[in-house]
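Fold and contact review
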Amino acid sequence: MPDFIVNWLNTNDIFTATTMLHYWDGMVTTVQLVFLSLLIGLIVAVPLAILRTVRNPFISGPIWLYTYLFRGTPLLIQLYIIYYGIAQIDGIQDTFWWTIFREPFYPALLAFVLNTAAYTTEILRGAIEATPHGEIEAAKAYGMSWARRVRRIVMPSAARRALQAYSNEVIFMVHASAIASVVTIVDLTGAARDIYSRFYAPFDAFIAVALMYMALTFTIVFCFRLLEKRMLRHLKPANG
C-alpha cells in the first residue's frame, strides 16, 4: 500500500480499520442481497416472460397484472408492505415461517425478488416478441415442437437482445438496494449511516459509500461489456 495512504489512515479519526471493516461487512450484505434477488428474480421471470407472450388472456392476464402492479409502485412502498405486512398475518408467528421472516433480510429479499422479476419479465417479453418470424418458421419447417423452439431458438435469441436492457436492471437493483437500510439491514448505506451517527461526519461517511457503489457499478458494467462481446461476436464483420 502506498505510504501516503498508510499515513492518511493513521492520521484520520474516521476511516480506521474498524470503520473500514464495517463498510466491508455492509458491502458483503449488499452483494448477497442483490445477487440473490437477481438470481431468483431471473429464474422466476423466464417462465413468466414466456407465458406473457401467450395469446390466451387467462394465462397472460394475471402476469400482466403482476408486472403492472410492481412496476407501477415504488420499491420502497413494496418493501414496507412486505416487511410490516407479514407480521400482521394471523398465526404466522406460530409457524416456522416466522423464524425466517422475523429477520429483516428475508422480507427485503422477497420485495427485491418480486420487483426485479416484474421488470425482467417485461424485458424478456419484449425480446421474445422481437424474435424474427423467419427464425420461427424455419424451426417449424424442421419439425421442432413449441417447447423445443422456445429452448433452442427463441430464448437464446431473446437473451442476446435483452442483455443490454438487463444490465441496466442489474445496476438499478444495486442502487435500489440502498433502501434496505430502512428496515434495519446494515448494508453499505446502513454502514455509512452508522459511521455518520458515530462521528457526525455525513460528507465523509456518505461520499465514501458513494465511491463504493460506483466501484460496484463499474465492475458490473465491465462484466456485461465482456459478456456482450462474447454473445454478440457473431455481429462483428469478418476480417478480410
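A quick note: this is a predicted structure, and the numbers were derived from the prediction, not measured. (Residues numbered from 1 in each chain as written. Predicted model: local features only at pLDDT ≥ 70, side-chain atom pairs only at ≥ 80, totals over all residues. Heavy atoms only, no water.)

It is worth spelling out the environment of Val174 at this point. Here Val174 shows up in helix H8 (residues 146-176). The buried category is assigned to Val174, whose relative accessible area is 4%. C-alpha of Val174 to C-alpha of Ala192: the two residues are 18 residues apart in sequence and 16 Å apart in space. Contacts of Val174, omitting those with residues within four sequence positions, involve Val34, Tyr213, Leu216 and Ile220. (Helix = DSSP H or I, 4+ residues; strand = E, 2+ residues; numbered from the N terminus. Buried < 20%, exposed > 50% of the residue type's maximum accessible area, 1.4 Å probe, protein only. Contact = heavy atoms within 4.5 Å.)

As a further point, take a nonpolar patch on the surface. On the surface, Val31, Phe35, Leu36, Leu39, Ile40, Ile43 and Val44 cluster together into a nonpolar patch covering about 570 Å² of accessible area. Following the sequence through the fold, Leu36 ends up in helix H2 (residues 17-52). (Patch = residues over 30% accessible without salt bridge, like charges linked within 9 Å, V, L, I, M, F, W, Y side chains within 5 Å. Areas by Shrake-Rupley, 256 points an atom, 1.4 Å probe, with all protein chains shown as cover. Salt bridge = Lys/Arg side-chain N within 4 Å of Asp/Glu carboxyl O.)

Applying the stated rule across the entire model yields 10 aromatic pairs. Ring geometry for Trp64 and Tyr68: centres 5.2 Å apart, planes at 25°, overall stacked. Of the two residues, Trp64 and Tyr68 are both situated in helix H3 (residues 57-72); the distance of four residues between them amounts to about one turn of the helix. Relative to Phe206, the ring of Tyr196 lies with its centre 6.0 Å away and its plane at 50°, an arrangement referred to as tilted. In this pair, Tyr196 sits in helix H9 (residues 188-199) while Phe206 sits in helix H10 (residues 202-231), placing the two residues 10 residues apart along the sequence. An aromatic cluster is present here, built from Tyr80, Tyr83 and Tyr84 joined pairwise through their rings. (Phe/Tyr/Trp six-rings, centres within 6.5 Å; stacked < 30°, edge-to-face > 60°.)

Right, let's get into the side chain of Ser37. By secondary structure assignment, the location of Ser37 is in helix H2. Ignoring any residue separated from it by four or fewer positions in sequence, one finds Ser37 in contact with Leu109, Phe112, Val113, Thr116 and Met173.

This brings us to the packing of H2 against H10. Where H2 contacts H10, the axes come no closer than 12 Å and their chain directions differ by 40°. With respect to H10, the element H2 is oriented oblique. When the axes of H2 and H10 are compared, the crossing they make is right-handed. Here Met20, Tyr23, Met27, Thr30 and Val31 of H2 come into contact with H10, specifically with Asp204, Ala205, Ala208, Val209, Met212, Tyr213 and Leu216. Among the residues forming the contact of H2 with H10, the class breakdown is 10 nonpolar, one polar and one charged. (Axes fitted to C-alpha atoms, helices over the stretch in contact; angles between N-to-C directions. Parallel < 35°, antiparallel > 145°, perpendicular 65-115°, else oblique. Left-handed = near helix turned anticlockwise from the far one by under 90°. Nonpolar A, V, L, I, M, F, W, Y, C, P; charged D, E, K, R; others polar.)

Purely geometric numbers; function is a separate question.
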